[in-house]
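Structural overview
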Amino acid sequence: MKGDVFYGSNRKPASKLKIIWSWVILLLLLICTYLGIFHSHRYYGFNMVTWLCIIGLGSLYALYMIWLDHGKWQKLKSILFGLFVCIPAAGLVIFLHNLFVDSQLFGHELKVDGVVTELYVRHSKNRQTPYAVFSYPANGKIWTQHIVNKEHALMVGDTLTVVCSELDPEIFVRIN
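Residues numbered from 1 in each chain as written. Predicted model: local features only at pLDDT ≥ 70, side-chain atom pairs only at ≥ 80, totals over all residues. Heavy atoms only, no water.

Our focus in this paragraph is the overall build of the protein chain. Of regular secondary structure, the protein chain possesses three helices and seven strands. Along the chain direction, N to C, the helices and strands of the protein chain fall in the order β-β-α-α-α-β-β-β-β-β. Since a compact globule built from 176 residues should have a radius of gyration of about 16 Å, the 23 Å found for the protein chain marks it as more spread out than a globular shape. With the C-alpha coordinates aligned to their principal axes, the bounding extent of the protein chain is approximately 75 × 40 × 30 Å. Burial status across the protein chain gives 30% buried among its 176 residues. Restricting to contacts in the protein chain with at least 6 residues of sequence separation, those with at least 24 account for 54%. Computing the positive centroid from 16 side-chain charges and the negative centroid from 11, the protein chain places the two 20 Å apart. (Helix = DSSP H or I, 4+ residues; strand = E, 2+ residues; numbered from the N terminus. Rg over C-alpha atoms; globule rule 2.2 N^0.38 Å. Buried < 20%, exposed > 50% of the residue type's maximum accessible area, 1.4 Å probe, protein only. Contact = heavy atoms within 4.5 Å. Lys, Arg positive; Asp, Glu negative; His and termini not counted. Charge placed at Lys NZ, Arg CZ, Asp CG, Glu CD.)

Here you go:
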């Protein structure tokens, strides 16, 4: 193995380490993609989706750093990689998530009434976002969801109508 560079005490060639790390990073990227497409509707907060994006895009960038040549024009290559790989990949995950939600609702709609049970405000740096917590029955269970309470229109005890999926009642669209 003439010309191979060795790392650490186990004396594996650098090319094998690249492959091992690539598989680990690809697995992490696939997990983030899976969660982003099929489960991000379960997290009403901004934090979970933000972390999925950071980890997913960081994984793409790590693969870029492992496999692509670094030298002349490094900053330009990084910007072009972000524009032509990272941004379209994030857009694809968002598109596939919306397609999944639409497919869960199409043909499996269940119209139910929910009751607002709680109001709260989430504070971030320079803004406050009001939320309403409501519960609704579907498939023999009571489901609880959080929605943005635009202009504080909802009060505790108010009734709102939603269409949820019979397959996954956590997927819903408010219709009033």
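Turning our attention to the side chain of serine 59. Its location among the elements puts serine 59 in helix H2 (residues 46-67). The class for serine 59 is buried, based on a relative accessible area of 4%. In terms of polar contacts, serine 59 uses its side chain to reach the backbone carbonyl oxygen of isoleucine 55, at 2.8 Å. Setting aside its immediate chain neighbours within four residues, serine 59 contacts Ile25, Leu28 and Leu29. (Polar contact = N/O pair within 3.5 Å; in protein donor to acceptor, adjacent residues only side chain to side chain.)

Among the seven residues in strand E6 (residues 159-165), six count as buried, and that is most of the element. The pairing of strand E3 (residues 109-123) with E6 spans seven bridges and is antiparallel. The partner of lysine 111 across the bridge, within E6, is valine 163. Where E6 and strand E7 (residues 172-174) come together, three bridges link them in antiparallel fashion. Residue pairing for E7: valine 162 is matched across the bridge by arginine 174. Count of turn residues in the E6/E7 antiparallel hairpin: six residues. (Pairing = 2+ DSSP bridges.)

Counting residues in each nonpolar core, the largest one holds 12 residues, listed as Val112, Val116, Ala132, Phe134, Tyr136, Ala138, Trp143, Ile147, Leu154, Leu160, Val162 and Cys164. Of all the secondary-structure elements, those providing two or more residues to this core are E3, strand E4 (128-138), strand E5 (141-148) and E6. In terms of residue count, E4 provides more of this core than any other element does, four residues in total. Not counting chain neighbours up to four residues away, the residues in contact with cysteine 164 comprise Leu105, His108, Glu109, Leu110, Val112, Tyr136, Ala138, Pro169, Ile171 and Phe172. (Core = buried A, V, L, I, M, F, W, Y, C linked by side-chain atoms within 4.5 Å.)

Right, let's get into the environment of serine 15. Among the secondary structure elements, serine 15 is positioned in helix H1 (residues 14-38). A relative accessible area of 40% means that serine 15 is categorised as partly exposed. C-alpha of serine 15 to C-alpha of tryptophan 67: the two residues are 52 residues apart in sequence and 10.0 Å apart in space.

Regions with low pLDDT should not have their predicted coordinates read in detail. When pLDDT is averaged along the protein chain, the result is 86; 90% of the residues meet or exceed 70. Within the protein chain, no element has a lower average pLDDT than strand E1 (residues 6-7), which sits at 51, and none a higher one than E6, at 94. (pLDDT = per-residue confidence, 0-100.)

Right, let's get into the environment of leucine 160. Along the chain, leucine 160 turns up in strand E6. Linking leucine 160 and valine 116, residues 44 residues apart in sequence, is a C-alpha distance of 7.7 Å. Leaving out residues up to four positions away in the same chain, leucine 160 has contacts with Val112, Asp113, Gly114, Val116, Phe134, Ile147, Leu154, Arg174 and Asn176.

This part covers the side chain of histidine 39. With respect to the helices, strands and loops of the structure, histidine 39 is situated in the loop between H1 and H2. For histidine 39, a relative accessible area of 18% translates into the label buried. Within polar-contact distance, the side chain of histidine 39 engages the side chain of tyrosine 34 at 3.1 Å.

Below, the discussion takes up a nonpolar patch on the surface. A surface patch of nonpolar side chains, amounting to about 820 Å² of accessible area, comprises Trp73, Leu76, Ile79, Leu80, Leu83, Phe84, Val85 and Ile87. Looking at where valine 85 falls in the secondary structure, it is placed in helix H3 (residues 74-105). For valine 85, a relative accessible area of 32% gives the class partly exposed. (Patch = residues over 30% accessible without salt bridge, like charges linked within 9 Å, V, L, I, M, F, W, Y side chains within 5 Å. Areas by Shrake-Rupley, 256 points an atom, 1.4 Å probe, with all protein chains shown as cover. Salt bridge = Lys/Arg side-chain N within 4 Å of Asp/Glu carboxyl O.)

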